Amino acid sequence: APGDMLRAQLTRATSPRARMLAIPMLAKLDDPPTTKALAKSLANEDEFWGVRAEVAGALGTLRSTEAFEVLTSHAATSHAKVRRAVVAAIGGFHTPKAAEVLKKIALRDPSYLVEAEAARALGATRQASALDTLIDVLDRPSWADVVRAGAIDGLASLRDEKAVPHVTARTRYGVSIRGRRAAILALPKLANDRRTRETLEE
């Protein structure tokens, strides 16, 4: 379908499902009218949160400067599920600016799940400056240890060998099951030497 029809579907379709169906196709159209329509939908707090979350993902797919500005302007939106989708989308931008935005959210957000997603996305930016922040939040208490798991996933995505001793320490008995599981899955992404293999065998 042409862009104008898809944008009309996003704004005028009567059901959230119909509006959501337009979003993946709009994510393939990197033009000002589309970015503007997606931005308007993301900003609409009366819209169903699932539609707004899909819009955030589409803006992350576009990877344009304009899309990044829209996402960062909604990084503190009130709905936690939308906020989580926004921070995940920001992680797709491999820039120092994206890392700076995500650091602040990983360190402090009203939602544990948003903090965890911000840590995960921070590692996805592949910025060396992310390492210290991810280590800072490794042992932060949270519901179901989600923040620790997010930080470990972030370290795995960061692919920095300096993270290996920190992740290895979280594979040991005494760390929560969710944290240990995340650490075990992260280790092979960070190192493939004999010591890592032996740690996993144990």
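Residues numbered from 1 in each chain as written. Predicted model: local features only at pLDDT ≥ 70, side-chain atom pairs only at ≥ 80, totals over all residues. Heavy atoms only, no water.

Q: Give me the pattern of salt bridges: which residues, what numbers.
A: Per the counting criterion, the structure on display carries 13 salt bridges. Two residues, Arg 83 and Asp 109, come together in a salt bridge whose shortest N-O distance is 2.9 Å. On the criterion of sequence distance, the pair formed by Arg 83 in helix α6 (residues 80-90) and Asp 109 in the loop between α7 (96-107) and α8 (112-124) is long-range, its members being 26 residues apart. Both residues of the pair, Arg 83 and Asp 109, count as buried. Taking the shortest distance from any N to any O, the salt bridge between Lys 103 and Glu 100 comes out at 3.1 Å. Here Glu 100 and Lys 103 lie together in helix α7, a separation of 3 residues that amounts to about one turn. Residue Lys 103 is classed as buried on the basis of its relative accessible area, which comes to 13%. (Salt bridge = Lys/Arg side-chain N within 4 Å of Asp/Glu carboxyl O. Helix = DSSP H or I, 4+ residues; strand = E, 2+ residues; numbered from the N terminus. Buried < 20%, exposed > 50% of the residue type's maximum accessible area, 1.4 Å probe, protein only.)

Q: Please provide a residue-by-residue account of unusual backbone geometry, values included.
A: Here Arg 126, not a glycine, exhibits a phi torsion of approximately 60°, which is positive. Considering the arrangement of structural elements, one finds Arg 126 in the loop between α8 and α9 (130-136). Residue Arg 126 is classed as partly exposed on the basis of its relative accessible area of 47%. With a phi angle near 60°, Asp 145 is a residue other than glycine that sits in the positive phi range. Note on placement: Asp 145 falls in the loop between α9 and α10 (146-158).

Q: Just give me the short version of the side chain of Arg 19, but keep the residues and values in it.
A: As for its position among the elements, Arg 19 is in helix α2 (residues 16-26). The class for Arg 19 is buried, based on a relative accessible area of 11%. Side-chain polar atoms of Arg 19 contact the side chain of Glu 47, separated by 2.8 Å. Not counting residues within four places of it along the chain, the set of residues in contact with Arg 19 comprises Gln 9, Leu 10, Ala 13, Thr 14, Glu 47 and Val 51. (Polar contact = N/O pair within 3.5 Å; in protein donor to acceptor, adjacent residues only side chain to side chain. Contact = heavy atoms within 4.5 Å.)

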